[in-house]
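Each chain, written out:
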Amino acid sequence: MPDPNRHTALDIDTLLRRRRLLMVGGKGGVGKTTVASALALRAASLERRVLLVSTDPAHSLADAFDREIGDRETDLAANLTGLEIDPDSEVDAHLERVRAQMARFAGADQRPELERQLRLSRQSPGAQEAALLERTTTIIDQQDRFDLIVFDTAPTGHTLRLLSLPELMAAWSEGLLKQNRRTEQLGKVLGHLTPGRDLESPLGEPEDRELEGLDQRARALAAPLLERQRRFHRARRRLQDATDTGFVFVLTPERLPILETERAVASLGEARIPVAGMIINRVLPDEAEGAFFRARREREQRLMADIDQRLGALPRLTLPLLADDIQGGDALEAFAGRFSQPR
């Protein structure tokens, strides 16, 4: 096996004590949810108040803990609360908020078209993702009750889009409102939501002065949209703050997870989002014997060398392949104990 002493060790306990937002990502099937659950349990054992959030519609978090969780905060252990976001419910709630807001400004003849557009939006590509992202930013923005939030999520599919959401929100707002651009005041609303007009920089936060010049009706329309933009800006700044946020990638010594992790790390680097390290999961234990395992170990050594070449700068923790599945609180706590016993 490659010598683990050549690499910077990922100090899990220090990471869990110092960060307030931890994103755990990786290709499907590498044990990402199991690792995220064990990290959350480990942090809770360190006397941190932890919220563990899953955006996986397959409810894999409930499978890991072998108990029902659902879309409500559920106590999983001392200092640990779990939450599984339901994408369908998020879409419905999101569109209902849009319907209530727009109905205040749409004429009677426009409401059937508004309802039709909302029905189409319910089934449109990206509807679940947009709703999940909004819920995610709300959770990030309201962290006061917890010392650490651990997200079991896919960084390339969700988090990178957070970086462009303030600008995308402006485009969405204009598309939704253009059929109702009946007055100069509503035109001003769209102008106030246009990137480059109201934002001094891509990372800046809109200021209250952006509502100047709008009458009461237009302010009522623009205010919640501007607040949504502000929330996305705050979430983006937190994601880029290495003292507050860290990404941990979970991968196995297999070709596809290695390549996907390499691409994701590069994308996050371009977006200036800090990557704290990686956990290489399911590495063959030294005691595995026989011709089959010898052949597998030789292949694994080549793949570990490939990880060194592609991702060698990242701190790492290596965890062994176990004889049985990890399911339930006791098994997860035992697995979490391995974080302080790096190979």
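One numbering rule holds for all chains: residues counted from 1, following each sequence as written. With pLDDT at 70 or above as the cut-off, local features in this predicted model cover only qualifying residues; side-chain atom pairs require 80 or more to be listed or tallied, and sums for whole chains, interfaces and linings still use all residues. Where side-chain values are given, they derive from all heavy atoms of the structure, hydrogens and water being excluded.

Named according to an unreviewed UniProt entry, the chain is arsenite-transporting ATPase originating from Alloalcanivorax venustensis ISO4. UniProt positions are given in the numbering used here, feature names are shortened, and annotations may be inferred rather than shown by experiment. As its UniProt record puts it under Sequence similarities (unreviewed entry), the chain is described as follows: "Belongs to the arsA ATPase family." According to the UniProt record, the Catalytic activity (unreviewed entry) comment for the chain reads "arsenite(in) + ATP + H2O = arsenite(out) + ADP + phosphate + H(+)".

**Q** Now, about the overall build of the chain: what can you tell me, with residues and values included?
**A** Across its full length, the chain carries 13 helices and 8 strands. Expressed as a percentage of its 343 residues, the buried residues of the chain come to 52%. Any two residues having at least one pair of non-hydrogen atoms within 4.5 Å are treated as being in contact. A separation of at least 24 residues holds for 77% of the contacts in the chain among residues at least 6 apart in sequence. For accessible areas, the Shrake-Rupley method is used with a probe of radius 1.4 Å. Any residue's cover is judged against the shown protein chains and nothing else. In the structure as shown, the chain presents an accessible area of about 16,300 Å², 47% of it carried by carbon and sulfur atoms. Helix and strand assignments follow DSSP, with helices taken as H or I runs no shorter than four residues and strands as E runs no shorter than two, numbered in order from the N terminus. Exposure is judged per residue with a 1.4 Å probe applied to protein chains only, and the accessible area is read against the type maximum: over 50% gives exposed, under 20% gives buried, and values in between give partly exposed.

**Q** Hey, could you go over helix 12 (residues 291–311) for me, with residue numbers and the actual values?
**A** Multiply 1.5 Å by the residue count of a helix minus one, and that product is the helix's expected span. Its 21 residues place the ends of helix 12 30 Å apart at the C-alpha level, agreeing with the 30 Å of an ideal helix rising 1.5 Å per residue. Of the residues making up helix 12, those classed as buried are Arg297, Glu300, Leu303, Met304, Asp306, Ile307, Asp308 and Leu311. Looking at the packing, one finds that the buried side of helix 12 touches strand 6 (245–251), helix 11 (255–270), strand 7 (275–283) and strand 8 (316–320).

**Q** Which residues make up unusual backbone geometry, and what values go with them?
**A** At Asn79, a residue that is not glycine, the phi angle is positive and equals roughly 70°. Relative to the helices and strands, Asn79 resides in the loop between strand 3 (74–77) and strand 4 (80–84). Take Asn79: its relative accessible area is 33%, and that puts it in the partly exposed class. With a phi close to 60°, Arg282 is a non-glycine residue in the positive phi region. Here Arg282 is to be found in strand 7. Arg282 sits in the partly exposed class, given a relative accessible area of 35%.

**Q** Which residues make up the pattern of salt bridges, and what values go with them?
**A** Here a salt bridge means any side-chain nitrogen of Lys or Arg lying within 4 Å of a carboxyl oxygen belonging to Asp or Glu. A full pass over the atoms with the stated rule returns 17 salt bridges. In this structure, Asp244 and Arg238 form a salt bridge, with 2.6 Å as the shortest nitrogen-oxygen distance. The pair formed by Asp244 and Arg238 is uniform in burial state, with each residue classed as buried. In this structure, a network of salt bridges that share partners links the residues Asp141, Glu227, Arg230 and Arg234.

**Q** So what's going on with the packing of helix 4 (residues 87–103) against helix 5 (residues 111–123)? Residues and values would help.
**A** Between two packed helices, the angle of one axis relative to the other and the distance separating the axes together describe the packing. Close contact between helix 4 and helix 5 brings their axes to 10 Å; oriented N to C, the two are set at 160°. Taken together, helix 4 and helix 5 sit at an angle that is classed as roughly antiparallel. The chirality of how helix 4 crosses helix 5 is right-handed. From helix 4, Asp88, Val91, Asp92, Leu95, Val98, Arg99, Met102 and Ala103 reach across to helix 5, where they touch Arg111, Leu114, Glu115, Leu118, Ser121 and Arg122. Under the scheme applied, nonpolar residues are Ala, Val, Leu, Ile, Met, Phe, Trp, Tyr, Cys and Pro; charged residues are Asp, Glu, Lys and Arg; polar residues are all the others, including Gly. When the residues that make up the contact of helix 4 with helix 5 are grouped by side-chain class, the tally is 7 nonpolar, 1 polar and 6 charged. To obtain an axis, a line is fitted to C-alpha atoms, over the contacting stretch when the element is a helix, and the angle between two such axes runs from 0 to 180 degrees between their N-to-C directions. Just so you know how the angles are binned, under 35 degrees is roughly parallel, over 145 roughly antiparallel, 65 to 115 roughly perpendicular, and the rest oblique. Helix crossings fall into two classes, left-handed where the near helix is turned counterclockwise from the far one by less than a right angle and right-handed where it is turned clockwise.

**Q** Let's hear about the pairing of strand 5 (residues 148–152): which residues, and what values?
**A** Counting buried positions along strand 5 yields 5 of 5 residues, so the element is predominantly enclosed. Residue alternation in strand 5 divides its side chains into two sets, Leu148, Val150 and Asp152 and Ile149 and Phe151, and both sets are buried. Relative to strand 5, strand 1 (residues 21–25) is paired through 4 bridges, and the arrangement is parallel. When the bridges of strand 5 are listed, Val24 appears paired with Asp152. Both strand 2 (residues 50–54) and strand 5 contribute to a ladder of 5 bridges, which runs parallel. For Ser54, the partnering residue across the bridge sits in strand 5 and is Asp152. By this definition, two strands are paired if DSSP reports at least two bridges between them.

**Q** Tell me about the packing of helix 2 (residues 32–45) against helix 13 (residues 329–336), and please be specific about residues and values.
**A** With their axes 8 Å apart at the nearest point, helix 2 and helix 13 run at an angle of 80° to one another. Between helix 2 and helix 13, the crossing angle belongs to the class labelled roughly perpendicular. On helix 13, the residues that touch Thr34, Val35, Ser37, Ala38, Leu41 and Arg42 of helix 2 are Gly329, Leu332, Glu333, Phe335 and Ala336. Classifying every residue of the contact of helix 2 with helix 13 by side-chain character gives 6 nonpolar, 3 polar and 2 charged.

**Q** Which residues make up the environment of Val91, and what values do they have?
**A** With respect to the helices and strands, Val91 occurs in helix 4. For Val91 and Ser121, which are 30 residues apart along the polypeptide, the C-alpha to C-alpha distance reads 9.2 Å. Setting aside residues up to four positions removed in sequence, Val91 forms contacts with Arg122, Ala127, Gln128 and Ala131.

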